[in-house]
Structure formats: structure tokens, C-alpha cells
Amino acid sequence: MFIRVLTLGIVEGIAMPAGIFRVCLVVIAAIVNHPLLFPKENATVPEYAEDIIQKMKVHEENLRLEQLRLEQEIAGQEAALKALEKAMETEEQNVKEPLPWDLWSAMSMVIFLLIELWRQDYQDGNWQESASEEDDMAVLGKAFKGVTLPDKAALANFYERCILGATGDMARKRELVEGFADDLLEALRSVCNRDADMEVEESIGVGSMYENWRVHKPLVCDLIVPFRPPEPYCFRSQTWCSRESVRPDKQGYGTIKVCRADEDAAGCICGKTKLGEDMLCLLHSQTNQTKPSGEMEDLLCFKNTQYLDADQVMKWFQIAITKSWNKISHKYEFDLSFNLLDSPGALKIKFRSGKSIAFNLTPVVQCEDSDAYFISHFPRSGLMADPASSTDWFVTFAVYERRFIHSISKKLPANACHLSCLQIISFLHGKQCSLTGPSSLTNYHLKTVMLHLLQARPYQDWASENLEARLQDMLKFLEKSLQEKKLCHFFIGNRKVPEVLNFPVAFQKAEPLNLFRPFVLHRDAYRKTVDTFHEMLRNTSALINEYTVHIPSVGHTNMLQKEPL
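Residues numbered from 1 in each chain as written. Predicted model: local features only at pLDDT ≥ 70, side-chain atom pairs only at ≥ 80, totals over all residues. Heavy atoms only, no water.

Considerations on unusual backbone geometry
Inference 1: At the junction of K217 and P218, the peptide bond is cis and its omega measures out at 0° in the coordinates.
Inference 2: Within the secondary structure, P218 sits in the loop between helix 8 (208–211) and strand 3 (221–228).
Inference 3: A cis geometry characterises the amide bond from E231 onward to P232, with omega recorded as 10°.
Inference 4: Take P232: it is sitting in the loop between strand 3 and strand 4 (233–239).
Inference 5: Not every positive phi belongs to a glycine, and K485 is a case in point at roughly 55°.
Inference 6: Its place among the elements puts K485 in the loop between helix 14 (467–484) and helix 15 (505–508). (Helix = DSSP H or I, 4+ residues; strand = E, 2+ residues; numbered from the N terminus.)

Here it is in C-alpha cells:
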């Protein structure tokens, strides 16, 4: 009985390994059946020997049956344990298995936004910056309400004496620069190899000097020079709005690919589909395919690519301009030099009298068959960062802007005040920046405000007697745009562009481009811009009165204009 209980106890201790249990069971059976278990003195009762042996056999049989039953129970319990362990391992794997990718992406985006908000609100240890910005915006919202602009007579006197007197010789400088640029480009064509070098076209005047609203000196003419590759090559451009998705910092840019004129002709798909090694295109042999090589680098492409490199283009253009000037310099009694190192197309004419005229001559590539152009180097404000790659070209709509202003001016009343408003604000902002430091608000932003208002207000509202009211409209529009950090590009995404301009539909249907988007990321620049604008509003009357007093009359100014250059 003791052996049975011991055996059952061992079975109940399921934690004991099965191997040890079997060994114990065998040892117990051996002890029980060993002949030394019964002492020899029991031999004195032989009459009971057979009965004892018989009982022992029965008991041995019972133990064997019990052993078989226990082994079966142990095997079942081992199977149950294995199944339990397998289930636990499966559960652990499920716990350790990564979450779906979409959920991880969403969590990463939330974490990134939280970090960005924390960085903007608490950078440099300033934990009160958000509240401070709200206070600044509250002040900005009330800033214009407290501004008292001079009356119509004072504004008219200021415009006549200060702005007209400073810009009266714009036409004469434009004529001089255009004539010299034409002569320079003609010499450039003669010194270039027509079979290998780029071919330049006639220059095009753009910007404030050709839109008749520039007020800041020096009066700089901006000329763009379209160029194209030698035969049999051509340019094929791709803008950001022709792609399915593009990063915000890539908006406004595009790439230019140099291809053979007959490449992908007649809708051939050999350039768009990967052909097998044993397949050839019957229209285009392998010898006609354009490949990245030294020849492509000679075509001003980025290394080992077919994409036009803006830096290479500017180097080529500077060398070509230098050769051209050396050829015609004997005809002129002045010197020509590059004006700014960081602006490769900036040139300066220096007269022997010490006076000078500055102008910009910048190579561009026509965007398809439109009057939009890819410009190699664009004047940038503190907000605009340089493109990530020299194969990214900025798209300029300067020709359409000039055409729109000239077109709508014909529909406005005589002596309309639209350009006068732009000139006054540009002048005041420039003077304020000279007092408090540079601002990220540029003249292009101011012109964009005027373009939006020209399209929004009736033509008769721009009569000359409404100068004060329209000036207030522009300041209010600019104030609202700064508050919202949103100023949309006039042409991109604008479906109300007049049809007479023949503006490309692809740009009209594109996503609107926010010119103030960098303000969202550059908070210091935004605060500086807001402060400068606020100071300009408060100082408007004082600046106008001060410069009206110190600027000589128009008659005296006209006498100065007659002096020779």
C-alpha cells in the first residue's frame, strides 16, 4: 500500500521530469521483487511458500498493470504540456510581432508633429513664446486701425516730389542697356561654335524697370536670355505640377532633360519600356540613344546625367560674355565687369566720369511653348533656400506678369493709381528696412498683393483720386496675409487668369503656391517681418512728411536728369 501511495504521489508531482519518474518506478519494482527482501528464516514454513509465491506473482502483475496505466497518464500529460508550451510560444510571437505599417506611419507622423510643435513653441528655453506671438498678432491686427495716412494732397505731393523725381530717367537707362545687351549678345553668337555651343536668342526685359514701378536706386534692368542646345539636341522640361506628388519645397521648380530631337519620336515606347536583351527598336538604334557621357557634359549637363546643370550653364555664360566683351570693347568708352559674385548674371557698366549702370543678364530655358521660363539663378530673399540640386530650375512668370500689368492698364482710368500705390509702399518699406534692418518681405510680395487687388476690384476704383483708399486696401490685404501666413502666387492655381494672356492651363490647375509658406518654419524671420511692417505702419506719416520736406522739387530733379552719364 505504501508503494502505491508513493507511486501516486510521484505521479501527482507532474513537475518532476518523466525520465526521473520512470527510473524511480523501476527501482521500486526491483526492490519489491528482489529475493533478499524475504529473510531465509521464512524457509522454516515451507507450507506457506507456494501461497506467498502465488501472491507475489499476482502482486507483480498488478504492479505491471499499474505501471502501464501510469505511463499512459504521463504520456497524456506530456502531450498536454507540449500543447500548452506551443500555445504560449505562439502567443509570445504574436505579442512581439510588429504593428501594421500604416499604424506605425500614423504614429510616426503624430510624434513628428508633436516634436515640431514643441520645438517651435519652446526653443531656446522660451516657454512663453506662443502667448507672446498671440499678443503680437493681436497688436498687428489693430496696427492698421490706428494708422492715419496723409491726406490726398500730401500723398500726391509726396509721390510727385519723391518718387517721380527719383525714377524719371528709367526710360533712358532702359534704352541704353537694351542697346548694349543686343550688341553684346550678337558678339556672343559670333564667338560661339554653332555646332557645339548653346544658341542664344534675343533678350527680354522683365521686372520693375519694365513694369514702370521701380523706386529704389540703383535702377537695375533685368534681362533674360533664352537659349537652346545645338542640333540635333533639344530640351524637354518637366515641372512640379506635372508630377503626381511633390514635396512642398519642390513647388515652383522643374527639371530640364537634354535629348536628341528624334528621341521617342512618333510615340515610340522604347524609351519608356525596358526591352529584352534580344529585342531591338526598329526606329531607334542603340547608336542614336543618348547616354550619359563626356558629350553630355559638354552640353552643360550634370555629371553622368542628361539633366541640365544650372551651375554649368552660368559658368558657360560668364565665359561667353567675357569673350564677347573682349571682341567689342574697343567700340565703347566704358568698362564692363561682373557686379556681384553671388549673382553670376549681374553686370556693371562703369563710365570714366565715375558713374555706373547695373543690369542683370540671366540665361533661361523656355518652358514648352509658353512664355514661362526656367531661370538658372533667381534673386532670393532670406526665406527662399537654394535648391537641393543644381538640376532644379525655378520657373518664372515674369513675362506674363509684365503682360498682365500692361494689358489691364489699358482698361483702367487715365492716370490710374495702381502703380503709384505699389511704388509708395515699396518706398516706405525700403526706408523702414534701412532703419530697422532687412525684412523677409520683398517687392515681389508687394507686387503680388497689387495683382490680386487689380483682379478683385472694379476698374473704376483705381482712378487717381482714389489713391488713399487703394493704398489702404493694399496695406490691409498685406496685413491679413501676414496674419494668416498665406499669400498665394498670382498665376499658379489661379483659374481666373484672363484668356488673352494665353497662360498655360497646367499651371492654372496646379495647387496654389503659398509665397508665405516659409514663415511657418522660420519663426524668427516671421517675427522680424511682422515687427518691420508694424513699424512701417506707425511711421508712415512721419516718413512721408520727412521725405517730402527734404526732396527737391520735380523741376530741379529734371534739371539733374539732363546731366550726361
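Side note on a nonpolar patch on the surface
Inference 1: Together, L81, L84 and M88 make up an exposed nonpolar region whose accessible area comes to about 280 Å².
Inference 2: Here M88 is to be found in helix 3 (residues 49–96). (Patch = residues over 30% accessible without salt bridge, like charges linked within 9 Å, V, L, I, M, F, W, Y side chains within 5 Å. Areas by Shrake-Rupley, 256 points an atom, 1.4 Å probe, with all protein chains shown as cover. Salt bridge = Lys/Arg side-chain N within 4 Å of Asp/Glu carboxyl O.)

Let's talk about helix 10 (residues 310–328)
Inference 1: In this model, helix 10 (19 residues) spans 27 Å end to end at C-alpha, consistent with the 27 Å of a helix rising 1.5 Å per residue.
Inference 2: Of all the residues in helix 10, the buried ones are A310, V313, M314, W316, F317, A320, I321, S324, W325 and I328. For helix 10, the angular spread of buried residues about the axis comes to 165°, placing them on one side. Facing away from the buried surface of helix 10 by more than 90 degrees, the exposed residues are K315 and N326.
Inference 3: Near the N-terminus of helix 10, the side chain that reaches the backbone nitrogen of D311, with its oxygen 2.9 Å away, is that of D309. (Expected span 1.5 Å × (residues − 1). Buried < 20%, exposed > 50% of the residue type's maximum accessible area, 1.4 Å probe, protein only. Arc of directions from axis to C-beta. Polar contact = N/O pair within 3.5 Å; in protein donor to acceptor, adjacent residues only side chain to side chain.)

Some points on the packing of aromatic side chains
Inference 1: Going through the model one piece at a time under the given rule, you end up with 26 aromatic pairs.
Inference 2: Look at Y332 and F334: their rings are 5.0 Å apart centre to centre, the planes differ by 40°, and that puts the pair in the tilted class.
Inference 3: Grouping aromatic residues by their ring pairs yields a cluster made of W240, F397, Y400, F404, F490, F491, F503 and F507.
Inference 4: The positively charged end of R174 is found above the aromatic ring belonging to Y210, 5.9 Å away from the centroid.
Inference 5: Over the ring of Y233 we find R260; its NZ or CZ atom is 5.9 Å from the centre of that ring. (Phe/Tyr/Trp six-rings, centres within 6.5 Å; stacked < 30°, edge-to-face > 60°. Lys NZ or Arg CZ within 6 Å of the ring centre and 35° of its normal.)

Considerations on the pattern of salt bridges
A side chain with one charge may pair with a side chain of the opposite charge, provided their charged atoms come close.
Inference 1: If you walk through the whole model with that rule in mind, you get 15 salt bridges.
Inference 2: Among the salt bridges present, the one from E199 reaches R228, with a minimum N-O distance of 3.1 Å. Of this pair, E199 sits in strand 1 (residues 199–200) while R228 sits in strand 3, and the two are 29 residues apart along the sequence.
Inference 3: Note that E211 is salt-bridged to K447, the shortest N-O span being 3.2 Å. Residue E211 is located in helix 8, and its partner K447 is located in helix 13 (residues 443–456); the two are separated by 236 residues in the primary sequence. Comparing E211 with K447, the two get one shared label, buried.
Inference 4: Taken together, the shared-partner salt bridges in this structure form one network comprising R457, D461, R470 and D473.

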